[in-house]
Amino acid sequence: MDGSLISPSASATGLDASSAVTTPYQVDVLALFQKLLPLEFFWAALKQATVRENNRVYTSGVVVWLMICQRLQAQGTLERAVLELVGGLPSSFWPQPCKRLEEAAEGGGPRLSKQTGAYNKARQGLSLPVVEQCCDHAFRQLIEQAELAPDRRPAFFFDGTTVRMPHCEELVAAYPPTTNQHGASHWPLLRLLVAHDLYTGLALRPQWGPVNGSGAVSEQSLLEEAIHRLPSQAAVVGDANFGVFSVAYAADQRGHPVVLRLTVARAQRLAGGPLQDGTDRRIQWRPTREDRQSHPQLPVDAVVSGRLIVRQAQPSNGAEAFLLALFTTLEDSPEQVIELYGKRWNIEVDLRSLKGTLRLEELTCTSVEMVAKEIDVAMLAYNLVRAVIYLTARKAGLEPRLISFTQVRNVLQVFVPRIVAAADERTARKLSEDMLYYLSQCKLPRRIRPSYPRGVWPKSKTYPARRA
């Protein structure tokens, strides 16, 4: 990722084109958004989706950007998004001068309303295929630039989580709530699978489906649906939940090497006996009878050639040592494979950023299509911040994973509006230099993986639970 993607934008700063080309100092999500997804891209995406869009205030580009702003704000309400528009957006968001905006700017017509009705209607009418193209197009450009870094193996960590939604008829039908011996829960629930790049943290457009009901999906099946969007020859890294034959076979068929943790039982079956520290042997992994029952489409001669690596692992928190068993199709040394898998904990932090900082833990939309658009736009917003983190890390000589996602989001939230509103080049340059300085200060403290088991503390309840 270099100046070809992250450089000053004349439309984002109010500068003329000549100064924009010669002053590579601006690093903000608005400039990056317009470079990754210019007007020409939206025209092509709308044409492909067979959607006609007249000259309006809330164009697809404007709506996607305002939805990104909502995700990047601590309290991203519809009103806050509309105020972003009312406060002024670069004219390059519109393909031609918008009569409504011109009249409001010249005082010849009423000011833009801060009411949220028009924006909400535009969100509902936003084409989902266009949003998906935005997410995929931005990701491909960013990851292609990041892969130019020397001595980098593209590797993606996969993991799953759940997302809660409001109780409404449409969502309950699509994503049934959990049930147990006491009855049905209140909240619709979906299973979300994410894949994050080892080095930059950039994320693939996620895959999801219902957790419960007749259409319930597993994390493994979601991976098999999403794997075709991975960059060519990128390694697939997963914990024991993904250490199954179907995942290894799907990745191998598409040319992706794997590093998968195995359960003790599965590793012992592949090894033909008890596990021993120091094992590094080549094996032919064939599906079991249970694998064929759950995946009847597997060919008769299905097999994955790889290695079984077993090493004794000593957790840094002082917990008891254990034997770590990995299956890999890489030709790297066992130490390199173990080191690669050891970075898997980063995806837990990435999920925390998505669910906590970007508020994906619980959605507020009430239709299946809006759920899809909100998830995809949240991932687009996440990748824009990750791209800024990557550039900041390069300038500071740091690893991107050593910079805090939340702190960077907070710095951008303060400085980007000021840069956009800068009256002249000198002011914009000074604000951008200040922003870069504070971005370089967003370093994470040294992390130590917690010694307690993974789990979620229950939230305190002010009122008694509602009963039917």
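Residues numbered from 1 in each chain as written. Predicted model: local features only at pLDDT ≥ 70, side-chain atom pairs only at ≥ 80, totals over all residues. Heavy atoms only, no water.

A. Inspection of the overall build of the chain at higher detail. Helices and strands together make up the secondary structure of the chain, namely 19 helices and ten strands. Burial analysis of the chain (468 residues in total) assigns 52% to the buried set. Intrachain contacts of the chain at a sequence separation of at least 6 include 69% that bridge at least 24 residues. If you sum the accessible surface of the chain, you get close to 23,300 Å²; carbon and sulfur atoms cover 50% of it. (Helix = DSSP H or I, 4+ residues; strand = E, 2+ residues; numbered from the N terminus. Buried < 20%, exposed > 50% of the residue type's maximum accessible area, 1.4 Å probe, protein only. Contact = heavy atoms within 4.5 Å. Areas by Shrake-Rupley, 256 points an atom, 1.4 Å probe, with all protein chains shown as cover.)

B. Highlighting the packing of helix 17 (residues 368–396) against helix 18 (residues 405–420). Contact pair helix 17 / helix 18: the axes reach a minimum separation of 10 Å and the direction vectors enclose 95°. Regarding the angle of helix 17 to helix 18, the classification is roughly perpendicular. Counted together, Tyr382, Val385, Arg386, Val388 and Ile389 of helix 17 and Phe405, Val408, Arg409 and Leu412 of helix 18 form the full contact between these two elements. Considered class by class, the residues forming the contact of helix 17 with helix 18 number seven nonpolar, no polar and two charged. (Axes fitted to C-alpha atoms, helices over the stretch in contact; angles between N-to-C directions. Parallel < 35°, antiparallel > 145°, perpendicular 65-115°, else oblique. Nonpolar A, V, L, I, M, F, W, Y, C, P; charged D, E, K, R; others polar.)

C. Representation of the environment of Ala396. Along the chain, Ala396 turns up in helix 17. In this structure the C-alpha to C-alpha distance between Ala396 and Ser440, which are 44 residues apart in sequence, comes to 6.2 Å.

D. Geometry of the packing of helix 8 (residues 117–125) against helix 17. Here helix 8 crosses helix 17 at 95°, and the two axes come no closer than 9 Å. The angle between helix 8 and helix 17 places the two elements in the roughly perpendicular class. Counting all contacts with helix 8, which are made through Arg123, Gln124 and Gly125, the residues of helix 17 involved are Met370, Lys373 and Glu374.

E. Region of the structure containing the nonpolar core. Ranked by internal contacts, the top residues of the largest apolar core, which has 137 residues, are Tyr58, Trp65 and Ile68. Aside from chain neighbours lying at most four places away, what touches Trp65 is Val29, Leu30, Phe33, Leu89 and Phe93. (Core = buried A, V, L, I, M, F, W, Y, C linked by side-chain atoms within 4.5 Å.)

F. Spatial organisation of the environment of Val130. Within the fold, Val130 resides in helix 9 (residues 128–146). Along the primary structure Val130 and Lys373 are separated by 243 residues, whereas in three dimensions their C-alpha atoms are 9.6 Å apart. If sequence neighbours within four positions are ignored, Val130 has contacts with Phe42, Ala45, Leu46 and Ala49.

G. Examining helix 18 more closely. Here helix 18 contains 16 residues, and its C-alpha end-to-end distance of 22 Å stays within 8% of the 22 Å for a straight helix at 1.5 Å per residue. The largest bend along helix 18 reaches roughly 30° and is located at Gln413, with the proline Pro417 sitting one to four residues downstream. All buried positions along helix 18 are accounted for by Phe405, Val408, Arg409, Val411, Leu412, Phe415, Val416 and Ile419. Between the side-chain oxygen at the start of helix 18 and the backbone nitrogen of Thr406 there is a gap of 3.4 Å, and the oxygen is on Ser404. (Expected span 1.5 Å × (residues − 1). Bend = angle between axes of the 7 residues up to and from the residue. Polar contact = N/O pair within 3.5 Å; in protein donor to acceptor, adjacent residues only side chain to side chain.)

H. Here's a closer look at the pairing of strand 9 (residues 304–313). Where burial is concerned, most of strand 9 is hidden: eight out of the ten residues are buried. Sheet topology places strand 8 (residues 280–285) next to strand 9; six bridges connect them, and they run antiparallel. When the sheet's bridge partners are listed, Asp280 is paired in strand 9 with Ile309. In this sheet, strand 10 (residues 322–328) lies alongside strand 9 in antiparallel orientation, the contact comprising seven bridges. (Pairing = 2+ DSSP bridges.)

I. Looking closely at the packing of aromatic side chains. Tallied over the entire structure, the rule returns 13 aromatic pairs. Ring-pair connections join several aromatic residues into one group, and the members of that group are Phe33, Trp65, Phe93 and Trp94. Between the NZ or CZ atom of Arg123 and the centre of the ring of Tyr119, over which it lies, the distance is 5.9 Å. The ring of Trp187 is capped by Arg164, whose NZ or CZ atom sits 4.6 Å from the centre of that ring. (Phe/Tyr/Trp six-rings, centres within 6.5 Å; stacked < 30°, edge-to-face > 60°. Lys NZ or Arg CZ within 6 Å of the ring centre and 35° of its normal.)

J. How the structure looks around the confidence of the model for the chain. Considering every residue of the chain, the mean pLDDT works out to 86; 88% of them sit at 70 or more. Taken together, the stretch residues 6–26 has pLDDT below 50 and engages in 52 contacts with residues farther than four places along the chain or on a different chain. (pLDDT = per-residue confidence, 0-100.)

K. Unusual backbone geometry, seen in detail. Even without a glycine there, the phi angle at Thr50 is positive, about 50°. Within the fold, Thr50 resides in the loop between helix 4 (39–48) and helix 5 (60–72). Accessibility expressed as a relative area gives 69% for Thr50, which makes it exposed. Unusually for a residue other than glycine, Arg359 sits at a positive phi of about 60°. Relative to the elements of secondary structure, Arg359 occurs in the loop between helix 16 (346–357) and helix 17. Owing to a relative accessible area of 24%, Arg359 belongs among the partly exposed residues under this scheme.

L. Focus on the pattern of salt bridges. For the structure shown, the criterion picks out 16 salt bridges. Note that Lys114 and Glu79 form a salt bridge whose closest N and O atoms lie 2.6 Å from each other. Highlighted residues: Lys114 in the loop between helix 7 (99–106) and helix 8 and Glu79 in helix 6 (residues 78–86), separated in sequence by 35 residues. Through salt bridges with shared partners, a single ionic network connects Asp159, Asp239, Arg344 and Glu348. (Salt bridge = Lys/Arg side-chain N within 4 Å of Asp/Glu carboxyl O.)

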